[in-house]
Amino acid sequence: MFFVDTLETEGLGNRSYLAGGRTTAVVVDPPRDVERVLAAASARGVRIGYVVETHVHNDYVTGGPELARLTGARYLVPAAARVSFARVPVADGDRFAVDAGLELRALATPGHTPHHTSYVLAEDGRETAAFTGGSLLIGTVGRPDLVEPRLTERLARAQHASAHRLAGELPDDVRVLPTHGFGSFCSSAQSEGDTTTIGAERAGNDALTQDVDTFVAGMLAGLEDVPAYYAHMAPLNAAGPAPVDLTPPDIADAEEIARRLAAGEWVVDLRSRTAFAEGHVAGTFNFEGEGRLATYLAWLIPWGKPVTLLAATAEQLADAQRELVRVGIDRPAAAATGAPATWLRAGDEPRSFPRTDFAALKRARERGEPVVVLDVRRDSERAEGYVRDSVHIPVHELRERSGEVPDGEVWVHCAGGMRAAIAASLLDAEGRAVVAVDDGFEGARRAGLTVTRDAGGTGGPGA
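Note that the structure is a prediction, hence the values are computed from the model and not measured.

Reading across from one edge, S16-S21-S20-S17-S19 is the order of the 5 strands in this open sheet, with parallel pairing throughout. Because the sheet does not close on itself, it has two edges, and the strands there are strand S16 (355–356) and strand S19 (391–392). Summarising the sheet, strand S20 (residues 410–413) and strand S21 (residues 434–437) pair through 3 bridges and their orientation is parallel. Residue pairing for S21: Val412 is matched across the bridge by Ala436. Against the sheet, helix H16 (residues 418–429) contacts strand S17 (372–375), S20 and S21, and its axis sits at roughly 150 degrees relative to S20.

Pairing between sheet strands relies on hydrogen bonds along the backbone, with the strands arranged either parallel or antiparallel. What the 6 strands build is an open sheet, ordered S1-S2-S3-S4-S5-S6; its pairing is mixed. This sheet does not close on itself; its edge strands, each paired only once, are strand S1 (3–9) and strand S6 (88–90). Strand-to-strand twist of the sheet, defined as the mean angle between neighbouring strand axes without regard to direction, takes the value 25 degrees. Sheet topology places strand S4 (residues 47–52) next to strand S5 (residues 74–78); 3 bridges connect them, and they run parallel.

The next point concerns the pattern of salt bridges. The tally for this structure, following the rule as stated, stands at 40 salt bridges. A salt bridge links Asp428 to Arg351; the shortest N-O distance between them is 3.0 Å. A residue pair is termed long-range when its members are at least 10 positions apart, and Asp428 in helix H16 and Arg351 in the loop between helix H12 (340–343) and S16 qualify at 77 residues. Given a relative accessible area of 2%, Asp428 falls into the buried group. When the shortest N-O distance is used, the salt bridge between Arg355 and Asp438 registers 2.8 Å. Residue Arg355 is located in strand S16, and its partner Asp438 is located in the loop between S21 and helix H17 (442–446); the two are separated by 83 residues in the primary sequence.

Counting residues in each nonpolar core, the largest one holds 54 residues, and the members touching the most others are Trp266, Phe287, Leu309, Leu374 and Val412. Counting 23 residues, the second largest nonpolar core, distinct from the first, contains Val77, Val83, Phe85 and Ala238.

What follows covers the packing of helix H3 (residues 152–169) against helix H6 (residues 212–222). Between H3 and H6, whose axes approach to 10 Å, the crossing angle comes to 125 degrees. In terms of orientation, H3 lies oblique with respect to H6. Once H3 is placed against H6, the crossing between them reads as right-handed. Within the contact between the two elements, H3 uses Thr152, Glu153, Ala156, Arg157 and His160 and H6 uses Val212, Asp213, Phe215, Val216, Met219 and Leu220. Among the residues forming the contact of H3 with H6, the class breakdown is 6 nonpolar, 2 polar and 3 charged.

Turning next to helix H2 (residues 64–71). For H2, the full list of buried residues reads Gly64, Glu66, Leu67 and Ala68. Those residues of H2 that are buried are in contact with strand S3 (24–28), helix H1 (35–44), S4 and S5. In the stretch just after H2, Gly72 is the one whose phi turns positive, near 75 degrees.

For the chain, the average pLDDT comes to 95, and 98% of its residues sit at 70 or higher. Of the regions scoring below 50 in pLDDT, residues 456–463 engages in 16 contacts with residues more than four places distant in sequence or in other chains.

Our focus in this paragraph is unusual backbone geometry. Among all residues except glycine, the phi angle is most often negative; among peptide bonds, the trans geometry is most common. Of note, the phi angle at Asp124 is positive, near 50 degrees, even though the residue is not glycine. Inspection of the secondary structure puts Asp124 in the loop between strand S9 (117–123) and strand S10 (126–133). Although it is not a glycine, Asp389 sits at a positive phi angle of roughly 65 degrees. For Asp389, a relative accessible area of 55% puts it in the exposed group.

Cut-off values and rules
Throughout, residues of each chain are indexed from 1 in the direction in which the sequence is written. In keeping with the model being predicted, local features are shown solely for residues with a pLDDT of at least 70 and side-chain atom pairs are shown and tallied solely at 80 or more, while totals for entire chains, interfaces and linings include all residues. Values shown for side chains rest on all heavy atoms present in the structure; no hydrogens or waters enter the calculation. One bridge is not enough; two strands pair if DSSP finds at least two bridges between them. Only DSSP runs of H or I reaching four residues or more are called helices, and only runs of E reaching two or more are called strands; each is numbered from the N terminus. Contact definition: two residues touch when any of their heavy atoms are within 4.5 Å. Between N-to-C directions, angles span 0 to 180 degrees; the directions come from axes that are lines fitted to C-alpha atoms, helices contributing only their stretch in contact. Any carboxyl oxygen of Asp or Glu within 4 Å of a side-chain nitrogen of Lys or Arg constitutes a salt bridge here. Residue burial is assigned from relative accessible area. The probe radius is 1.4 Å, only protein chains are included, and a residue is buried under 20% of its type maximum, exposed over 50%, and partly exposed in between. Working definition of a nonpolar core: buried Ala, Val, Leu, Ile, Met, Phe, Trp, Tyr and Cys residues. They are joined through side-chain atoms within 4.5 Å. Comment on the angle field: the value is read as roughly parallel under 35 degrees, roughly antiparallel over 145, roughly perpendicular from 65 to 115, and oblique elsewhere. The hand of a helix crossing depends on one turn: near helix anticlockwise from the far one by less than a right angle means left-handed, and clockwise means right-handed. Three classes are used, and their members are as follows: Ala, Val, Leu, Ile, Met, Phe, Trp, Tyr, Cys and Pro are nonpolar, Asp, Glu, Lys and Arg are charged, and the others, Gly among them, are polar. Per residue, pLDDT captures the predictor's confidence, and it can take any value from 0 to 100.

Okay, structure coming up:
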């Protein structure tokens, strides 16, 4: 009897898989921190015989080369992928015996990338699971615009064809096990639900219910901005990532923290947005360790800029290091744990700013206070409704566009509070007076603020 174990990487919205039989297993799209995979295989009592990539990833650094080196597994990578390391090149139709009665079949499914390949697992000749990577996802497909702008429409059409190939060749009860679609920006839309089958996708996935022209037009119209760090992931993966070093960074005292800030380096406070607002070192940025740290820090920080991490505990620091190596931020320049009292030089005072909700914003407007309301959500969120007379700058654009924020006290909001905290910290570091609206956007309507939307869906002033 075969098994499939799912390894979640929640911060990036991805999944990896360990699948096998009594003695041997295959790993699909492994994360960079391969200890998790080794632990899962050990718990199952199996040897890893194959490490498999569905494609050269654009959103995270793979652990494939290191996992293959450590285990002696055969490393399967699509033959058309341009990589500079040794691997077993995989072509459409290739088959690999994983364990007794357990076989893996390669199935070319271009679209997310030109070389994308899915893998179908069969037990005693009966196909039971399809590892679809960035091809067929739960209710959607992987986005086609991450490789080359001139290829986007062609790849979108290939996605439609690949989805139809999977649905045409596989039985309805085959489980669909994608890598992307659980919050990853590699997905062309956010997936609904946690599990699916070929039959369920055949009934409800736009790629399988719409004609190709309708599907392509809709998908291309709905694509959002690509995280800036994605531009660096595929080259790192094609070159073959180095092993990770998760040993603790050098400890920075208050003087070193101040020197690094003065040098223009990034000092990132990983504590909760509540703790940060109550008191922090002037000039530091707040990216919560419990939020989507890897996605948003890697998106906003200039690539290669040294980063020093400030954490409440050693555990929080270690978790952050693990998250960041997954997106190529390999070694913090320095780190410190504790609280602002130990991070400030003698005589320096902590900065702070208020946190509030939409009801307080409504009261401030009723009092006639000249507040600036800054919406840092994405364009698609803004299009669904926005607070009247608010300024719109998505959080990932704020560093470059902060000069567009009008003078005055800035009340920053997003959809739930995390991105507002990031944005508030960026503006606070520039010396602006900020208030972080730590509230779900539905609170704006409950508070009686005027929430409107443009006839054209573009999102209002400043969009």
